[in-house]
Amino acid sequence: MSDSRQPVELVRLLSAQGRDGGETPSRSPTAAEVVEELRLWDPPDPAEVAQARGERPYVLLNMASTVDGRATIGGHSSPIGNRADQELFHALRTAVDAVLVGAGTMRAEHYGRLVRTEAARELRRTRGLAEEPLACIVTASLALPAQEIPLLADPAARVAILTPSPASLAACAGEVRYVRSEREGRLDLQAALIELRRTEIRTVLCEGGPHLNAQLLAGGLVDELFLSLAPKLAGGDAASESLRIVSGGELHPPVELELLTVLESEDQLLLRYRARRAGEPRVEPAGGGGGAGGAV
């Protein structure tokens, strides 16, 4: 699938460079340029990473929401985003080692190949990455019918199943391996992420769903949040199963976020936050790569 249209130019309303009173860049970047500035494929010093995150990968959470908090409309996330949001969604996939998704989201959104164009795969190769990110599926039951998930029927797919179960899927066309980590009958996400890091997975992009997001946030396993805020009010309540980007029990204490970037396109706000841990200072403006503090 290709799109011959010119990429959307984003309006940069706030960047990390402007936090100390410096001038916010006026140039209007595309989504691809935003991700290029982040340099997620060139992470910080490994010793620094291990000290900050307990030897797990750097985890980014990418979600979309209406102004009144809906994460889906009609059971799908696609009506919430716009073209700029979609371009950023796909650009982020070109910069990370792995994409993490809950089984329910993978079924609902009918996930197929993660990197769809040869140009994007070539870009990943130039960044020193595998041409396809590792697709990490979180599932307790292994209820992953191939007819509902085209990714599993794609011979080019690289898939890791994160599960507490000793069971395995039926034969799939792509390469499938298992990361089995169990604590009290449930998946131990932190241990699973540490196991992924031991297999050279340095950066993980989580695309939901809301229950997986809640587990990651409750465990202190999220480093950054990319939130696409749509200029829409969708209504609905708990009875209508209108999920928010985080679903489940309350987070105690709430996760503190530091706003790093605000980009805008057609009234859609593309927000980037750092998840702050207790006692952490605010990010000082800095150039270059590998996560929070970049120029984006």
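Summarised in this report is the structure supplied together with it.

1. As for the overall build of the protein chain
- Looking only at helices and strands, one finds 7 helices and 12 strands in the protein chain.
- By residue count, 48% of the 296 residues in the protein chain fall in the buried class.
- The long-range fraction of contacts in the protein chain, counting pairs at least 24 apart against all pairs at least 6 apart in sequence, stands at 68%.
- Carbon and sulfur atoms make up 51% of the accessible area of the protein chain, which totals about 13,900 Å².

2. A word on helix H7 (residues 210-218)
- Among the residues of H7, those classed as buried are Pro210, Leu212, Asn213, Ala214, Leu216 and Leu217.
- Each element contacted by the buried residues of H7 is listed here: strand E2 (58-66), strand E3 (98-102), strand E4 (134-138), helix H6 (189-198) and strand E9 (203-206).
- Two residues or fewer past H7, Gly220 is found with a positive phi of approximately 65°.

3. Here's the deal with the sheet that holds strand E1 (residues 11-14)
- Spatially, 10 strands are ordered E1-E11-E12-E10-E2-E9-E3-E4-E5-E6 in an open sheet, and the strand pairing comes out mixed. If you trace the sheet from one side to the other, it starts and ends with E1 and strand E6 (175-180), each paired once. Across the sheet, the mean angle separating the axes of adjacent strands is 25° when strand polarity is ignored.
- Relative to E9, E2 runs parallel, the two being bridged by 4 bridges. Bridge pairing in E9 links Leu61 to Cys206.
- This element, H7, spans E2, E3, E4 and E9 of the sheet and lies at about 115° to E3.

4. Describing the nonpolar core
- Residues Leu88, Leu92, Ile137, Leu144 and Val159 are the most contacted members of the largest nonpolar core, which totals 39 residues.
- In terms of residue count, the dominant contributor to this core is helix H3 (residues 83-93) (5 residues).
- Setting aside anything within four residues of it in sequence, one finds Leu92 in contact with Val35, Leu38, Leu40, Asn62, Leu205 and Phe226.
- Counting residues in hydrophobic clusters, the runner-up holds 31 residues, among them Ile201, Val204, Leu225 and Ile245.

5. As for the pairing of strand E10 (residues 224-230)
- A large share of E10 lies buried, amounting to 6 of its 7 residues.
- Direction of pairing for E2 relative to E10: parallel, over a ladder of 7 bridges. The residue of E10 that forms the bridge with Leu60 is Glu224.
- One ladder, built from 6 bridges, connects E10 with strand E12 (residues 268-276); its direction is antiparallel. Within E12, the residue paired with Leu225 across the bridge is Tyr273.

6. Description of helix H1 (residues 31-38)
- Looking only at H1, the buried set comprises Ala31, Val34, Val35, Glu37 and Leu38. The arc enclosing the buried residues of H1, seen along the axis, measures out at 155°, which places them on a common side.
- In this structure, the buried residues of H1 make contact with E1, H3, E10, strand E11 (256-265) and E12.
- Downstream of H1 by a residue or two, Arg39 has a phi angle that is positive, lying close to 50°.

7. Some remarks on the packing of aromatic side chains
- In this structure the tally under the stated criterion is 0 aromatic pairs.
- Over the aromatic face of Trp41 sits the side chain of Arg127, whose NZ or CZ is 4.0 Å from the ring centroid.
- Over the ring of Tyr178 we find Arg180, and its NZ or CZ is 4.4 Å from the ring centre.

8. With respect to the pattern of salt bridges
- The full count for this structure, using the stated rule, is 18 salt bridges.
- With a closest N to O distance of 3.1 Å, Glu258 and Arg274 form a salt bridge. Taken together, the residues Glu258 in strand E11 and Arg274 in strand E12 connect sequence positions 16 residues apart.
- For Glu258, a relative accessible area of 0% gives the class buried.
- Linked by salt bridges that have partners in common, Arg113, Glu118, Arg121, Glu122, Arg125, Glu131 and Glu132 make up one network.

9. Describing unusual backbone geometry
- Between Gly208 and Gly209 the backbone carries a cis peptide bond, its omega angle lying at 10°.
- With respect to the helices and strands, Gly209 occurs in the loop between E9 and H7.
- For the peptide bond that leads from His252 to Pro253, omega is -10°, which places it in the cis range.
- Along the chain, Pro253 turns up in the loop between E10 and E11.
- For Arg39, which is not a glycine, the phi torsion comes out positive at approximately 50°.
- Assignment of secondary structure puts Arg39 in the loop between H1 and helix H2 (46-53).

Analysis parameters
- Residues numbered from 1 in each chain as written.
- Predicted model: local features only at pLDDT ≥ 70, side-chain atom pairs only at ≥ 80, totals over all residues.
- Heavy atoms only, no water.
- Helix = DSSP H or I, 4+ residues; strand = E, 2+ residues; numbered from the N terminus.
- Buried < 20%, exposed > 50% of the residue type's maximum accessible area, 1.4 Å probe, protein only.
- Contact = heavy atoms within 4.5 Å.
- Areas by Shrake-Rupley, 256 points an atom, 1.4 Å probe, with all protein chains shown as cover.
- Pairing = 2+ DSSP bridges.
- Axes fitted to C-alpha atoms, helices over the stretch in contact; angles between N-to-C directions.
- Core = buried A, V, L, I, M, F, W, Y, C linked by side-chain atoms within 4.5 Å.
- Arc of directions from axis to C-beta.
- Phe/Tyr/Trp six-rings, centres within 6.5 Å; stacked < 30°, edge-to-face > 60°.
- Lys NZ or Arg CZ within 6 Å of the ring centre and 35° of its normal.
- Salt bridge = Lys/Arg side-chain N within 4 Å of Asp/Glu carboxyl O.

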